[in-house]
Amino acid sequence: MAREQYILATQQNSLPRTEHPQFYPVGIYGWRKRCLYFFVLLLLVTMIVNLAMTIWILKVMNFTVDGMGNLRVTKKGIRLEGISEFLLPLYVKEIHSRKDSPLVLQSDRNVTVNARNHMGQLTGQLTVGADAVEAQCKRFEVRASEGGKVLFSADEDEIVIGADRLKVTGTEGAVFGHSVETPHIRAEPSQDLKLESPTRSLVMEAPRGVQVNAAAGDLKATCRKELHLQSTEGEIFLNADTIRLGNLPVGSFSSSSSSSSSSPSSSAPRQTIYELCVCPSGKLYLSPAGAGSTCQSSSNICLWS
């Protein structure tokens with residue numbers, strides 16, 4: 001045992017010894033260390049800038065727990081305040097405005113509202129453009145705000161106007177290409193009512209009679225050719241203080257002998273009395289009354305054609 005210790009001691013003493021032993025440093029030194037510090041500093045500055053920008057965006061966009069800016073998330077849905085702009089399609093179930101402000105939909109070109117069925121087919125469309133407002137649907141209705149009464153409805157078969165009064169304010173009036181069925185036609189107070197057919201005839205028909213009433217004015221019927229007043233079962237009744245038939249021709253008058261035997265002493269002017277005579281064709285004319293009047297002559301009952 002002592003021998004082995006001696007041999008080991010002599011072997012260690014026999015190893016060469018150096019005056020300056022070599023050491024290997026552990027870590028990053030020199031330009032690598034400076035680059036690492038630079039990148040760490042740059043990363044720290046970037047994080048600080050990102051944090052500042054994030055805080056600024058949150059402040060500007062008004063991010064809160066309830067939403068962002070004018071957008072608020074409530075139990076009933078999403079609430080927008082002020083002007084909102086949508087660049088992509090918006091799919092919602094209902095759109096309501098505030099109770100004290102209207103709902104405004106604005107576009108640079110047009111506003112189109114589409115309705116589709118469960119298969120995606122277009123069933124209704126409303127387009128509000130710069131030149132016209134177009135509605136494409138099976139039936140179009142306009143209802144009153146109170147009671148829901150139908151004021152106007154249109155479909156392929158008919159157009160119904162349910163208002164109590166239809167008022168036309170145009171200077172040219174209303175032009176109807178075909179027949180018009182209505183129970184009452186009335187003009188505005190202090191205005192004239194004119195029914196006119198420039199190139200055709202004007203026909204007014206009713207199963208129980210036609211009543212034309214001018215309470216505070218004149219009633220005038222003008223035609224170019226013939227005016228027919230016809231009653232199939234009843235009578236034509238003219239009730240007025242004065243009934244005048246103007247531009248009637250006057251028949252001939254032959255003086256009888258009884259006129260010469262009248263008393264010459266009577267110097268008062270005698271008023272000529274005319275009779276209204278009717279021809280077989282229905283034409284009227286005036287004839288002086290007397291024994292020789294043409295109305296009493298059976299051979300010459302009509303003197304004009």
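Since the model is a prediction, treat every value here as computed from it, not as a measurement. (Residues numbered from 1 in each chain as written. Predicted model: local features only at pLDDT ≥ 70, side-chain atom pairs only at ≥ 80, totals over all residues. Heavy atoms only, no water.)

## Looking at the overall build of the protein
The criterion, for reference: Every helix listed is a DSSP run of H or I at least four residues long, and every strand listed is a run of E at least two residues long, numbered separately from the N terminus. Whether a residue is buried, partly exposed or exposed follows from its accessible area with a 1.4 Å probe, protein chains only, as a fraction of its type maximum: under 20%, in between, or over 50%, in that order. Residue contacts follow a heavy-atom distance rule, with two residues in contact if any of their heavy atoms lie within 4.5 Å.
Scanning the protein from terminus to terminus reveals three helices and eleven strands. Along the chain direction, N to C, the helices and strands of the protein fall in the order α-α-β-β-β-β-β-β-β-β-β-α-β-β. Each of the 305 residues in the protein was classed as buried or not, and the buried ones make up 5%. The contacts in the protein between residues at least 6 apart in sequence include a share of 14% that link residues at least 24 apart.

## A closer look at the environment of Gly 217
Note on placement: Gly 217 falls in the loop between strand S9 (159–161) and helix H3 (257–260). Residue classification places Gly 217 among the partly exposed residues on the basis of a relative accessible area of 45%. With 27 residues separating them in the primary sequence, Gly 217 and Ser 190 have C-alpha atoms 9.3 Å apart.

## Thoughts on the sheet that holds strand S2 (residues 71–73)
Going by this rule: Pairing between two strands is assigned when DSSP locates at least 2 bridges connecting them.
Across the sheet, three strands lie side by side as S1-S2-S3; this open sheet has antiparallel pairing. A single partner strand is all that each edge strand has here, and the edge strands are strand S1 (67–68) and strand S3 (78–80). One ladder, built from three bridges, connects S2 with S3; its direction is antiparallel. Each residue of the ladder has a partner; that of Arg 72, found in S3, is Arg 79.

## Looking at helix H2 (residues 31–60)
As a reminder, the rule being used: In a helix, the anticipated span is given by 1.5 Å times the number of residues less one.
Under the 1.5 Å per step criterion, the end-to-end length of H2 is 43 Å for 30 residues, consistent within 8% with the ideal 44 Å. Positive phi appears at Asn 62, one or two residues downstream of H2, with a value of about 55 degrees.

## Digging into the UniProt feature "transmembrane region" (unreviewed entry) in the protein
Our working rule: UniProt positions are given in the numbering used here, feature names are shortened, and annotations may be inferred rather than shown by experiment.
Listed under "transmembrane region" (unreviewed entry) in the UniProt record, and renumbered for this structure, are residues 36–58. Here residues 36–58 is 100% helix and 0% strand, with 33 Å between the C-alpha atoms at its ends.

## Here we look at the packing of aromatic side chains
Note the threshold: Only the six-membered ring of Trp is used, alongside the rings of Phe and Tyr, when aromatic pairs are assigned; centres must lie within 6.5 Å, and planes under 30 degrees apart are stacked while those over 60 apart are edge-to-face, with the rest tilted.
In total, this model carries two aromatic pairs according to the counting rule given. Ring geometry for Phe 140 and Phe 152: centres 6.4 Å apart, planes at 65 degrees, overall edge-to-face. Residue Phe 140 is located in strand S7 (residues 140–143), and its partner Phe 152 is located in strand S8 (residues 150–154); the two are separated by twelve residues in the primary sequence. Take Phe 140: its relative accessible area is 35%, and that puts it in the partly exposed class. For Phe 152, a relative accessible area of 28% puts it in the partly exposed group.

## Some thoughts on the side chain of Thr 127
Relative to the assigned elements, Thr 127 resides in strand S5 (residues 122–128). Note on Thr 127: relative accessible area 16%, which makes it buried. Leave out the neighbours within four places in its chain, and Thr 127 touches Asn 110, Val 111, Thr 112, Ala 132, Val 133 and Glu 134.

## What about the sheet that holds S9?
What counts, and what does not: Angles run from 0 to 180 degrees between N-to-C directions of axes, and those axes are lines fitted to C-alpha atoms, restricted for helices to the stretch in contact.
In spatial order, the strands read S7-S8-S9; together these three strands make up an open sheet with antiparallel pairing. One side of each edge strand has no neighbouring strand; the edge strands of this open sheet are S7 and S9. Here the average twist between neighbouring strands, direction ignored, is 10 degrees. Of the pairings in the sheet, the one linking S7 to S8 comprises four bridges and is antiparallel in character. Bridge pairing links Arg 143 to Val 150 in S8.

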